[in-house]
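Coordinates in review
Below, each chain spelled out in residue letters.
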Amino acid sequence: MQSPIPAIIDRPNHTEIIARLPSEWTSWPRDDSSVNSHVLVTNKTPSRFKKNKIRWPKRSVVFISDPHADAFAFEASLIAAGVAERKKKAGLGHLTLTKKGRQAEIIVGGDCLDKGPSNLALLRSVKQLYKLKARVTLLAGNHDLRLLMGLLALARKKDVGNQHFFVRMGKKVVPLFREVFDEYLADTKWDKKIPDEDACRKLLFPGDDWFKEFQFHAAGFLTSEGIDREVRKMETKNHSFEKHCLSAGLSLRQVYATALKCQQLFLYKKGEFNWFFRKMELVAKRGSFLFLHAGLDDSMGQMLLKSGTSYANKAFHRNLKRRDLFSFYYSSIANTFRTKYRDADLPLTARGVEAIHKAGIHVVVQGHINRQQGQRIAIKKGLVHVEADITLDSHSRKVEGLKHYGIGATLIDKDAGIVGLSCDYPTAKVMTAQELQGIYE
């Protein structure tokens, strides 16, 4: 089946974007880059899938995940999906909605921050969608919440559970700090009340005894694999964080001053980016589809079954306001934007999957795990996942050998089905409603 993509890329006015997109669509490819073996051979599908009726979202959904501070890739993806357009000669942030954009829901799947090249421009691009009255749902990503945890930990009294959160942000947050310093502090007397380098180091870094005490503090919250992984990760970041800051031209005094400025921008009521964490949600359920950043575990499955997504989102925000950052960040709630179903993560078992199915959820649409050849459909832990992080940001693409900036979106529509659009795959991948239902029959 081959034909021009209908109504998907019919309105963009950016000729370069169009030139880099596939002009044909085909049935979802049956190759390893697009599906896993359970989807390739449906008779291997677990029997508990049988007779599940897929309900589609009432309005079309455009899912764009993991833009990682690449505003150009993000806006190009909106244009590619047909929900926005840019007037000729207009720069970043000067989008308008198309007719489709006014009707569809745009779900940003998390990880707006880190890596670069332009954190602040990306945030302003997302804010522009709100200004245009678009139907936007912004989901929490692990990189986004790392910043929040680091800023909150710096503002609160140090304890074993929180004193590592600032350095835990690691090198990927450094581009954001460089941007903030250059735009807000460079031409000011930023150093007037900032302590010396040694004092800033003590404020920013965990104490020497943290590496011994954390293992006991985390017992009962994390798996033994999770504790070991966390300590090893912090040993690496503790040794390298200052080096990465210095490489970007930031002393620890400048980092500390920038962190205080970020608190103003993101946490204060009148801060320019106060809306970012305030509007963020943990999960979004549309029909039988659950949109989130990473994945699920048994506890979250039970929560969704017994209390629903509204409760999960309220629990997410209320936990952010608690003083105990540790119990939030290593909880089932945070696992939803962190898990990769590793031994170190909170487990998802058959019991959890059964609860998720009983909650009316049969397809998880996620970011977090980046793909290099467009979207992929996989059955993980007995649950269908659409992996929709298609490596948009130019930093990751350069590291992974991909050319240019990324373009693409995942479209969920009851008439078209699941459409995977990516500049890194020669056709648009389409799984119709009938083909998806076939996984369950």
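Residues numbered from 1 in each chain as written. Predicted model: local features only at pLDDT ≥ 70, side-chain atom pairs only at ≥ 80, totals over all residues. Heavy atoms only, no water.

This model, assessed by the stated rule, comprises 14 salt bridges. Residue Asp198 pairs with Arg201 through a salt bridge whose shortest N-O separation is 2.9 Å. Of this pair, Asp198 and Arg201 are both found in helix α9 (residues 197–204), 3 residues apart, which corresponds to roughly one turn of the helix. You can call Asp198 exposed: its relative accessible area is 51%. Exposure remark for Arg201: the relative accessible area of 28% places this residue in the partly exposed category. Taking the shortest distance from any N to any O, the salt bridge between Arg371 and Glu387 comes out at 3.2 Å. Of the two residues, Arg371 is situated in the loop between β10 (363–370) and β11 (376–380) and Glu387 in strand β12 (residues 383–389); the sequence distance between them amounts to 16 residues. (Salt bridge = Lys/Arg side-chain N within 4 Å of Asp/Glu carboxyl O. Helix = DSSP H or I, 4+ residues; strand = E, 2+ residues; numbered from the N terminus. Buried < 20%, exposed > 50% of the residue type's maximum accessible area, 1.4 Å probe, protein only.)

Across the sheet, 5 strands lie side by side as β8-β9-β10-β12-β11; this open sheet has mixed pairing. The open sheet has two edge strands, β8 (284–286) and β11, and neither has a second partner. Pairs of neighbouring strands in the sheet enclose a mean axial angle of 35°, with direction left out of account. (Pairing = 2+ DSSP bridges. Axes fitted to C-alpha atoms, helices over the stretch in contact; angles between N-to-C directions.)

A few words on the pairing of strand β13 (residues 408–413). Each regular strand carries side chains that alternate between the two faces of the sheet. In terms of burial, β13 is largely enclosed, as 6 of its 6 residues are buried. Where burial is concerned, the two faces of β13 agree: the one with Gly408, Thr410 and Ile412 and the one with Ala409, Leu411 and Asp413 are both buried. As paired elements, strand β3 (residues 61–64) and β13 share 3 bridges and run antiparallel to each other. Pairing of Val61 across the sheet is with Ile412, part of β13. Sheet analysis places β13 next to strand β14 (residues 417–422), joined by 6 bridges and oriented antiparallel. For Thr410, the partnering residue across the bridge sits in β14 and is Gly420. Remark: 3 residues form the turn of the hairpin made by β13 and β14, two consecutive strands paired antiparallel.

Once that is clear, we can look at the side chain of Gln263. Looking at where Gln263 falls in the secondary structure, it is placed in helix α12 (residues 252–267). In this structure, Gln263 is in contact with Leu151, Leu154, Ala155 and Tyr268, ignoring residues within four places of it in sequence. (Contact = heavy atoms within 4.5 Å.)

Running from N to C, helix α14 (residues 298–306) and helix α15 (residues 308–320) point in directions that differ by 125°, and their axes come no closer than 6 Å. The angle between α14 and α15 falls in the class oblique. Judged by the twist between their axes, the crossing of α14 over α15 is right-handed. When α14 is examined against α15, the residues Met300, Met303, Leu304 and Lys306 are found in contact with a partner set consisting of Gly308, Thr309, Tyr311 and Ala312. A class-by-class count of the residues in the contact of α14 with α15 yields 5 nonpolar, 2 polar and 1 charged. (Parallel < 35°, antiparallel > 145°, perpendicular 65-115°, else oblique. Left-handed = near helix turned anticlockwise from the far one by under 90°. Nonpolar A, V, L, I, M, F, W, Y, C, P; charged D, E, K, R; others polar.)

So, about the environment of Leu113. The topology assignment puts Leu113 in the loop between β6 (105–108) and α5 (119–131). The sequence separation of Leu113 and Ala334 amounts to 221 residues, and the corresponding C-alpha distance is 17 Å. For Leu113, the residues in contact, after removing those within four places along its chain, are His68, Asn119, Leu123, His143, Asp144, Leu147 and Phe276.

When we look at burial in helix α10 (residues 210–217), the residues that qualify are Trp210, Phe211 and Phe214. An end-on view of α10 places all buried positions within 90° of arc, on one side of the element. Residues of α10 that are exposed and point over 90 degrees away from its buried face: Lys212 and Phe216. Taken together, the buried residues of α10 touch α11 (224–247) and α16 (325–329). (Arc of directions from axis to C-beta.)

Enumeration over the complete set of coordinates arrives at 25 aromatic pairs. Plain terms: the ring middles of Phe326 and Tyr330 are 4.9 Å apart, the flat faces sit at 45° to each other, and that makes the pair tilted. The residues Phe326 and Tyr330 share a single accessibility class, namely buried. Chaining the aromatic ring pairs together yields one cluster made of Phe165, Trp210, Phe211, Phe214, Phe221, Phe316, Phe326, Phe328, Tyr329, Tyr330 and Phe337. A cation sits over an aromatic face here: Lys429 above Tyr425, 4.2 Å from the ring centre. (Phe/Tyr/Trp six-rings, centres within 6.5 Å; stacked < 30°, edge-to-face > 60°. Lys NZ or Arg CZ within 6 Å of the ring centre and 35° of its normal.)

What follows is about the environment of Gly150. With respect to the helices and strands, Gly150 occurs in helix α6 (residues 142–155). Between the alpha carbons of Gly150 and Val167 there is a distance of 7.4 Å; along the sequence they are 17 residues apart. Setting aside residues up to four positions removed in sequence, Gly150 forms contacts with Phe165, Phe166 and Met169.

Next up on the list: the confidence of the model for the protein. Counting all residues, the mean pLDDT for the protein is 91, and 93% of those residues have values of 70 or more. In the model, residues 1–13 has pLDDT below 50 throughout and makes 42 contacts with residues more than four positions away in sequence or in other chains. (pLDDT = per-residue confidence, 0-100.)

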